[in-house]
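Residue-level structure breakdown
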Amino acid sequence: MLALQGAFALHLQAIDRLAATGLAVRGVPVKTAAELAECDALIMPGGESTTMSMLLDSQELFAPLKKAIHGGLPVFGTCAGMILLSSEILDGRSDQNCFEALDIKVRRNAYGAQVESFETALSVDGLDEPFHAVFIRAPGVEALGAGVEVVSKHQEEPVMCRSGSVLACSFHPELTNDDRLHRLFLESIAGATSSGKATG
Ligand code: GLN
């Protein structure tokens, strides 16, 4: 669990709940390259992508993390995490970096300011029942590259996408006690149910 800034604590609780159901997974906070090296997968939380970008640089974590993701480290980015994974950020700060791991163009705060936060039930590929999604200053996906699969839409706009081992959603799946998206991510990782290794 990338734990530099933002909503990482609730994601770690979701991982703990899944571990308690028998899923062979262990969530650990990641703030350094050494901690990252211990992980088989990574979740990037919502929060503030500009701050996270700055902290990734100052912690000397940006370059090793980019290398790991492009080398196949499975990663799930939520909200600000989706912005970090994108290939292009609109309305970003000029010094803000992204990992170019998911071929999408995202616009920061496309769904409006904090006060315009909203909740809605989404239909998500791979889930039988709708998922209650919370959108907070969420990014909008404005362009999708060829290999990007849309896993969920809100009013015809993509809000959850996948490409290979990279998954991203523009909302906050950790804010409810519904762990199905975390489970979906973890179960998509080969060996997650047998190795018992860490999810950062
Ligand atoms: N708008 C925020 C950003 O640019 C993301 C908001 C969120 O993660 N809830 O990073």
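Details of the structure are given in the entry above.
Residues numbered from 1 in each chain as written. Predicted model: local features only at pLDDT ≥ 70, side-chain atom pairs only at ≥ 80, totals over all residues. Heavy atoms only, no water.

Turning our eyes to something else, we now look at the overall build of the protein. Per the secondary structure count, the protein includes 7 helices and 12 strands. Over its C-alpha atoms the protein spans a radius of gyration of 15 Å, differing by no more than 12% from the 16 Å that the globule rule assigns to 200 residues. Counting only C-alpha atoms and orienting by the principal axes, one finds that the protein spans roughly 40 × 40 × 35 Å. In the protein, which comprises 200 residues, the share counted as buried stands at 50%. Across the protein, the fraction of contacts at a sequence separation of at least 24, relative to all contacts at a separation of at least 6, is 68%. Carbon and sulfur atoms make up 48% of the accessible area of the protein, which amounts to about 8700 Å² in all. (Helix = DSSP H or I, 4+ residues; strand = E, 2+ residues; numbered from the N terminus. Rg over C-alpha atoms; globule rule 2.2 N^0.38 Å. Buried < 20%, exposed > 50% of the residue type's maximum accessible area, 1.4 Å probe, protein only. Contact = heavy atoms within 4.5 Å. Areas by Shrake-Rupley, 256 points an atom, 1.4 Å probe, with all protein chains shown as cover.)

On to the pairing of strand β9 (residues 149-154). Pairing of β9 with strand β10 (residues 157-163), which is carried by 5 bridges, proceeds in the antiparallel orientation. Pairing of His 154 across the sheet is with Glu 157, part of β10. Hairpin connection of β9 to β10: 2 residues between the antiparallel strands, including Gln 155 at a positive phi of 50 degrees. (Pairing = 2+ DSSP bridges.)

Let's shift gears to the sheet that holds strand β5 (residues 104-107). Sheet strands pair via backbone hydrogen bonds, and the direction of the pair is either parallel or antiparallel. With respect to topology, 3 strands assemble into an open sheet ordered β4-β5-β8, the strand pairing being mixed. Whereas interior strands pair on both sides, the edge strands pair on one side only; in this sheet they are β4 (88-90) and β8 (140-144). With direction set aside, neighbouring strand axes in the sheet form an average angle of 25 degrees. Sheet topology places β5 next to β8; 4 bridges connect them, and they run antiparallel. Considered in β8, the bridge of Ile 104 is made with Leu 144. (Axes fitted to C-alpha atoms, helices over the stretch in contact; angles between N-to-C directions.)

Right, let's get into the environment of Gln 96. Looking at the secondary structure, you find Gln 96 in the loop between β4 and β5. Note on Gln 96: relative accessible area 10%, which makes it buried. Remark: the alpha-carbon pair of Gln 96 and Met 52, spanning 44 residues in sequence, is separated by 8.9 Å. Ignoring any residue separated from it by four or fewer positions in sequence, one finds Gln 96 in contact with Ser 49, Thr 50, Ser 53, Ile 83, Ile 89 and Arg 108. Reaching out from Gln 96, the side chain makes a polar contact with the side chain of Ser 49 at a distance of 2.7 Å. Here the side chain of Gln 96 touches Arg 93 through a polar contact of 2.9 Å, landing on its backbone nitrogen. (Polar contact = N/O pair within 3.5 Å; in protein donor to acceptor, adjacent residues only side chain to side chain.)

Close to the ligand lie Gly 46, Gly 47, Glu 48, Ser 49, Cys 79, Ala 80, Ile 83, Arg 108, Asn 109, Ile 136, Arg 137 and His 172. A distance of 2.8 Å separates an oxygen atom of the ligand from a polar atom in the backbone of Gly 47. At a separation of 2.5 Å, a nitrogen atom of the ligand approaches a polar side-chain atom of Asn 109. Computed on the free molecule, the ligand has an accessible area of 300 Å², of which 99% lies beneath the protein chains in the complex. Residues that form the shell around the ligand fall into these classes: 4 nonpolar, 5 polar and 3 charged. (Near = heavy atom within 4 Å. Nonpolar A, V, L, I, M, F, W, Y, C, P; charged D, E, K, R; others polar.)

Turning to the sheet that holds strand β12 (residues 198-199), a few remarks are in order. With mixed pairing, the 7 strands of this open sheet are ordered in space as β1-β12-β2-β3-β11-β10-β9. With partners counted over all chains shown, the strands left at the sheet margins are β1 (26-27) and β9, one partner each. Of the strand pairs in this sheet, β1 and β12 are connected by 2 bridges, and their pairing is parallel. Across the sheet, the residue bridging to Arg 26 is Ala 198, located in β12.

Here the focus is the nonpolar core. Membership of the largest hydrophobic core comes to 34 residues, with the highest contact counts inside it found for Leu 42, Met 44, Leu 56, Leu 65, Ile 69, Leu 85 and Phe 99. If you list the elements that add at least two residues to this core, you get β2 (39-44), α3 (49-58), α4 (62-70), α5 (80-85), β5 and β11 (166-169). Counting residues per element, this core draws most heavily on α5, which supplies 5 residues. Once you skip the residues sitting within four places of it in the chain, Phe 99 turns out to touch Met 44, Leu 56, Phe 62, Leu 65, Lys 66, Ile 69, His 70, Leu 84, Leu 85 and Ser 86. In terms of nonpolar packing, the next biggest core, distinct from the first, is built from 27 residues, Phe 76, Val 124, Phe 131 and Leu 186 among them. (Core = buried A, V, L, I, M, F, W, Y, C linked by side-chain atoms within 4.5 Å.)

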